[in-house]
Amino acid sequence: MRLQTLSLPEERFKPATDQKPALHVRDLTVAYDRKPVLWDVDLDVPPSLVAGIVGPNGAGKSTLIKAVLDLVPHASGVVEIFGKPYRRQRRLVGYVPQRESVDWDYPITALELVAMGLYRKIGWCKPVTAPHRCRALEGLAEVGMAALAHRQISRLSGGQQQRIFLARALVQDAQIYFMDEPFAGVDAATEKAIIAILQRLREQGKTVFVVHHDLESVRHYFDYLIMLNMRVVAAGPVADVFTSENLRRTYGGRLTLLDRAVDAIGQGTH
Amino acid sequence: MITQLLRVLSLADYNTRVVMFGTVTLGIAGGVAGVFLLLRRRALLVDAVSHASLPGVAAAFLLAVTLGGSGRSLPVLMLGALVSGLLGMGCVIIISRFTRLSQDAALGIVLSVFFGFGAALLGIIQKMRGAQAAGLDGFIFGKTASMIRSEALLIGIAALVVIVLTAVLFKELRLFTFDPDFAAGDGWPVQRLDLLLMTLVVAVTILGLQAVGIILIIAILIVPPAAARFWTDNLLVMVLLSALIGALGAYFGTGISAIAPRLPAGAVIVTVLGAAFLFSLLFGSSRGVVRAALWSRAVNRNTLRQNLLRALFEYEESGVRHGMQEQLQYLQSVRGWTVRELRRAIRMLARSGMIYHVSGQPWRFSETGSGAAMRVTRNHRLWEVYLLEHADVAPSQVDQGADFIEHVLGETLVAELEAALPRFGKALPTSVHSLSNADHGGGG
């Protein structure tokens, strides 16, 4: 009996992740070469949703993700995942970098690349074994790429490369995902696969952040939107913040772009 | 000459054994560490380290002489090389980080200025009294003959450390050299792994300075992995091959330079490695030039063959009958072939027994030819419909080379496509002769 009461606090410990904001950012400032890229960013994003990050080129979208993941130095700021400092919550985080950020000529197969998502679980100095390869194959199957598991990555199309990047993040088995432009330059099949994955992650109660370019699809893909231009112009449920006023404040006076965006808003209200 | 070479290569003498042990293990260590250096794209940084080590060698010599030592103590010289090499690397990093100069400019500046300064110091040393300075020249192009047991052992130990660390940290090295951002996001200490890799590489560089020389040491780190890459797409195989190439290059290079004492050892080793690289570039099984050329030739021939089969099939399908001249003109106009191309295609098909003609008569299909032509035409039409019907997923699936479209798309989808053919004004090819079995053989 005593043992059971002792185990209680541990159980209460677990669901605490649901009550705190998935991502809390305060006063985040990042500068490259004395030029600020992100400036006093404040965010509080609730869990279990798919959040888009939009903004013009050079608005700091990728930098925001990299700063949260501690890949670029902060000038100032606090980042918390489920109420605790990022460094202590790393194992809850999954990451899909930009596709162009790696050398696709690297001697590695699709399966071996996806297995990298399991390295954290495998631990230092231990080899990748058959059960891990099985799990990686499942990850590939989730993105419809199981048939190409043993293909060298340079012989995959851009969309297929994007999908194995996603599969690698899926096998990380994280609670919160950061995806840097997963939709950039992909074919229709890959787009479908990515949308299906975003749906599934949302159903599983995970939180996903997606850097995105195409304003027309914002309403279809995301529950939550972060509109960024060095500072957070607006952040909140898509229905509340995706307005022409906010778009103008995010993108400035770029008319052609605004016209299309206004169309997109029009579509959404039908 | 030959007997001399054999004597060296069979390691008959003690001195040869010592030197061989030193250079071959150096080749292995360089081959293994070099793979990750190459994949991390840091090769030139190491070139800067080696060039920047020259003033350190000279300064260490001067310092030792001033303090009353001999100046020939290798550990002292190596320490000097290490200090000034690392100083050079630090300069590159600082210049490229804190100024607007790009890294290649920073590398060029540091590499040439340090080396130039070192050469100037060497000039001063040579003007000094006594012939004791002569040995320093060996550092530039490499000299193996003077290698002693303790030096060879030191290189051997370093090689062992490189091999053990690479084996133990294989997964980690692969992760951070492929995708450092992901690795860092996943919680791996990327900077420390980077530091470890650079430490290994710099250690190999400094230990190999005397044998291979300041100018050429970069080659034992870069050439073996670059050559190995032509043979494989598998990282582990690449590491093993690279080690093997490094070892063989060092073995034969040292052997040749031993019987021709005027040739600097480093230069010979690098020349042998260069030959291995050239051979790999040409004949490598994974991405060798010859293989790629053969492959693209095969694709071209196959396309030509398929195109003629289909053109002839469609000609027969149309039911028109002409003489041979008109038939050839038709084929030429349909595909936009030149006379030569058409002749080549016809020769190809005739030689494989797919088509034949009685002199003066038009070309006809043989039984196998008819089967093959029907299959090619059917696949082609189905692929066309597939591309139109399933444009969203199509391009990544299309495989013109597949013998049977069913193998790629599955029976059900193919049945759907067959049903869709008439909508696009196309017929499902049927036999033009009284020909029944498509799997009768054919070229496929």
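Procedures and definitions
- Residue numbers here run from 1 along each chain, matching the order of that chain's written sequence.
- Chains and ligands are labelled sequentially in the order written, the chains with letters from A and the ligands with numbers from 1.
- Since the coordinates come from a predicted model, pLDDT governs what is reported: local features require at least 70, and pairs of side-chain atoms require 80 or more to be given and counted, while whole-chain, interface and lining totals use all residues.
- Working from all heavy atoms in the structure, the side-chain values ignore hydrogens and water.
- Starting at the N terminus, helices and strands are each numbered in turn, a helix being any DSSP run of H or I of at least four residues and a strand any DSSP run of E of at least two.
- Relative accessibility decides the category of a residue: with a 1.4 Å probe and only protein chains considered, values under 20% of the type maximum give buried, values over 50% give exposed, and everything between is partly exposed.
- All accessible areas in this document rest on Shrake-Rupley with a 1.4 Å probe, and a residue is counted as covered only by the protein chains that are shown.
- Residues count as neighbours in contact if any of their non-hydrogen atoms are within 4.5 Å of one another.
- Positive charges are assigned to Lys and Arg, negative charges to Asp and Glu, while His and the chain termini are left out of the count.
- To locate a charge, take NZ of a lysine, CZ of an arginine, CG of an aspartate or CD of a glutamate.
- Classification of ring pairs rests on two measures: the distance between centres of Phe, Tyr or Trp rings, Trp counted by its six-membered ring, which must be within 6.5 Å, and the angle between planes, read as stacked under 30 degrees, edge-to-face over 60 and tilted in between.
- The rule for pairing is simple: two strands pair if DSSP sees at least two bridges between them.
- The axes are straight lines fitted to the C-alpha atoms, using for helices just the contacting stretch, and the angles between their N-to-C directions are given from 0 to 180°.
- Expected span of a helix: the number of residues minus one, times 1.5 Å.
- Each C-beta atom gives one direction from the helix axis, and the arc is the one those directions make.
- Two parts placed together each lose some accessible area under a 1.4 Å probe, and the buried area is that loss summed for both.
- What makes a salt bridge here is a side-chain nitrogen of Lys or Arg within 4 Å of a carboxyl oxygen of Asp or Glu, nothing more.
- Polar contacts, as used here, are pairs of N or O atoms within 3.5 Å; protein pairs need one atom able to donate a hydrogen and one able to accept it. Residues neighboring in sequence count only if both atoms are side-chain atoms.
- When residues are grouped by polarity, Ala, Val, Leu, Ile, Met, Phe, Trp, Tyr, Cys and Pro land in nonpolar, Asp, Glu, Lys and Arg in charged, and all others, Gly among them, in polar.
- The pLDDT value tells you how sure the predictor is about a given residue, anywhere from 0 up to 100.
- Definition used in this section: a nonpolar core is a set of buried Ala, Val, Leu, Ile, Met, Phe, Trp, Tyr and Cys residues joined via side-chain atoms within 4.5 Å.
- Angle categories are assigned with fixed cut-offs, so that under 35 degrees is roughly parallel, over 145 is roughly antiparallel, 65 to 115 is roughly perpendicular, and the rest are oblique.

Here the focus is the overall build of chain A. Regarding its fold elements, chain A presents 12 helices and 10 strands. Across the 270 residues of chain A, 50% fall into the buried class. A total of about 12800 Å² of accessible surface is found on chain A, and carbon and sulfur atoms cover 52% of it.

Each helix and strand counted, chain B has 20 helices and two strands in total. For chain B, the spread of C-alpha atoms along the three principal axes comes to 105 × 60 × 40 Å. Taking all 444 residues of chain B together, the buried fraction comes to 47%. In chain B, the share of contacts with a sequence separation of at least 24, taken over all contacts with a separation of at least 6, comes to 70%. Carbon and sulfur atoms provide 64% of the accessible area of chain B, an area that totals close to 21400 Å². Where the 36 positive side-chain charges of chain B centre and where its 27 negative ones centre are 13 Å apart.

This brings us to unusual backbone geometry. Of note in this structure, Asp173 of chain A is not a glycine but carries a positive phi near 55 degrees. Tracing the backbone through its elements, the reader meets Asp173 of chain A in the loop between α7 (158–171) and β7 (176–180). Not every positive phi belongs to a glycine, and Leu11 of chain B is a case in point at roughly 60 degrees. By relative accessible area, Leu11 of chain B is classed as partly exposed at 30%.

To continue, consider the packing of aromatic side chains. The full count for this structure, using the stated rule, is 13 aromatic pairs over all chains. Relative to Trp188 of chain B, the ring of Trp124 of chain A lies with its centre 5.1 Å away and its plane at 70 degrees, an arrangement referred to as edge-to-face. Within this pair, whereas Trp124 of chain A is found in the loop between α5 (119–122) and α6 (130–142), its partner Trp188 of chain B is found in the loop between α10 (180–185) and α11 (190–212), the two belonging to separate chains. For the pair Phe36 of chain B and Phe170 of chain B, a centre-to-centre distance of 6.4 Å together with 80 degrees between the ring planes defines the contact as edge-to-face.

With that out of the way, let us pick up the sheet that holds strand β4 (residues 76–81) of chain A. All names here are of chain A. On the basis of which strands lie adjacent, the open sheet formed by four strands has the order β2-β1-β4-β5 and antiparallel pairing. Edge positions in the sheet fall to β2 (35–45) and β5 (84–85), since each of these pairs with one other strand and no more. With two bridges joining them, β4 and β5 adopt antiparallel strand pairing. Bridge assignment links Glu80 to a residue of β5, and that residue is Pro85. Against the sheet, helix α3 (residues 61–68) makes contact with β1 (23–32), β2 and β4, and its axis sits at roughly 115 degrees relative to β1, the strand it touches most.

Looking now at helix α16 (residues 324–335) of chain B. Residues and elements named next belong to chain B. Its 12 residues give α16 an end-to-end C-alpha distance of 17 Å, which sits within 8% of 16 Å, the value for a rise of 1.5 Å per residue. Among the residues of α16, Met324, Gln327, Leu328 and Leu331 are the ones counted as buried. Down the axis of α16, the sector holding all buried residues measures 95 degrees, keeping them to one side. Of the residues in α16, the exposed ones pointing more than 90 degrees away from the buried face are Gln329 and Ser333. Those residues of α16 hidden inside the fold are in contact with α15 (289–318) and α17 (339–351).

Moving on, we get to the environment of Gln361 of chain B. Locating Gln361 of chain B in the fold gives a position in the loop between β1 (355–356) and β2 (364–365). It is 31 Å that separates the C-alpha atoms of Gln361 of chain B and Val299 of chain B, two residues lying 62 residues apart in sequence.

Take the interface of chain A and chain B next. Chain A puts 34 residues into the contact, and the matching count from chain B is 30 residues. With both sides pooled, the region where chain A packs onto chain B buries about 3000 Å², and carbon together with sulfur makes up 58% of that total. Run the count over chain A and chain B and you get six salt bridges. Note that Arg120 of chain A is salt-bridged to Asp186 of chain B, the shortest N-O span being 3.1 Å. Taken together, the links from chain A to chain B amount to 13 residue pairs in polar contact (both at pLDDT 80 or more). Of all elements in the fold, only α4 (110–115), α5, α7 and α8 (188–203) of chain A reach the threshold of two or more residues within the side of chain A that touches chain B. For the side of chain A that touches chain B, the class distribution of residues is 19 nonpolar, six polar and nine charged.

As a further point, take the pairing of strand β6 (residues 93–96) of chain A. Residues and elements named next belong to chain A. Residues Val93 and Tyr95 line one face of β6 and the alternating positions Gly94 and Val96 line the opposite face, and both faces are buried. Relative to β7, β6 is paired through four bridges, and the arrangement is parallel. Bridge pairing in β7 links Gly94 to Tyr177.

Moving on: the sheet that holds strand β8 (residues 207–211) of chain A. All names here are of chain A. An order of β6-β7-β8-β3-β9-β10 is seen for the six strands of this open sheet, with the pairing classed as mixed. Either end of the sheet is taken by a strand with one partner, and the two such strands are β6 and β10 (231–237). Each adjacent strand pair in this sheet contributes to an overall mean axis angle of 15 degrees, direction not counted. Running over the sheet, helix α11 (residues 244–251) touches β3 (50–54), β9 (224–229) and β10 and is turned about 35 degrees from β9.

Attention now moves to the confidence of the model for chain B. Residues and elements named next belong to chain B. Chain-level statistics for chain B give a pLDDT mean of 86 and a share of 91% at 70 or above. Mean pLDDT in chain B bottoms out at helix α19 (residues 405–409), which sits at 69, and peaks at helix α9 (residues 170–178), which reaches 97. If you check the scores for this complex, the pTM reads 0.84 and the ipTM reads 0.89.

Taking 1.5 Å of rise per residue, the 25 residues of helix α13 (residues 235–259) of chain B would be expected to cover 36 Å, and the 36 Å separating its terminal C-alpha atoms lies within 8% of that figure. Near the N-terminus of α13 of chain B, the side chain that reaches the backbone nitrogen of Leu236 of chain B, with its oxygen 2.8 Å away, is that of Asn234 of chain B.

Mapped onto the secondary structure, Arg88 of chain A falls in the loop between β5 and β6. In the structure, Arg88 of chain A is positioned 63 residues away from Arg151 of chain A in sequence and 36 Å away in space, judged by C-alpha atoms.

A few words now on the nonpolar core. Core analysis: the biggest nonpolar cluster contains 172 residues, and Leu23, Ile164 and Phe178 of chain A have the highest contact counts within it. The biggest single contributor to this core is α11 of chain B, with 13 residues. With residues near it in sequence (within four places) discarded, Phe178 of chain A still touches Leu23, Ile65, Val68, Leu69, Val93, Gly94, Tyr95, Val96 and Phe209 of chain A. Membership of the second largest hydrophobic core comes to 23 residues, among which are Leu309, Leu328, Met348 and Trp363 of chain B.

Moving on to the packing of α11 of chain B against helix α12 (residues 217–229) of chain B. Packed helices, taken two at a time, are described by the angle between their axes plus the distance between the axes. Residues and elements named next belong to chain B. In the contact formed by α11 and α12, the axes pass within 7 Å of each other and the chain directions differ by 120 degrees. When the axes of α11 and α12 are compared, the pair comes out oblique. Between α11, through Val201, Val204, Thr205, Gly208, Leu209 and Val212, and α12, the contact on the second element is made entirely by Ile217, Ile220 and Leu221. Taken together, the residues that form the contact of α11 with α12 break down as seven nonpolar, two polar and no charged.

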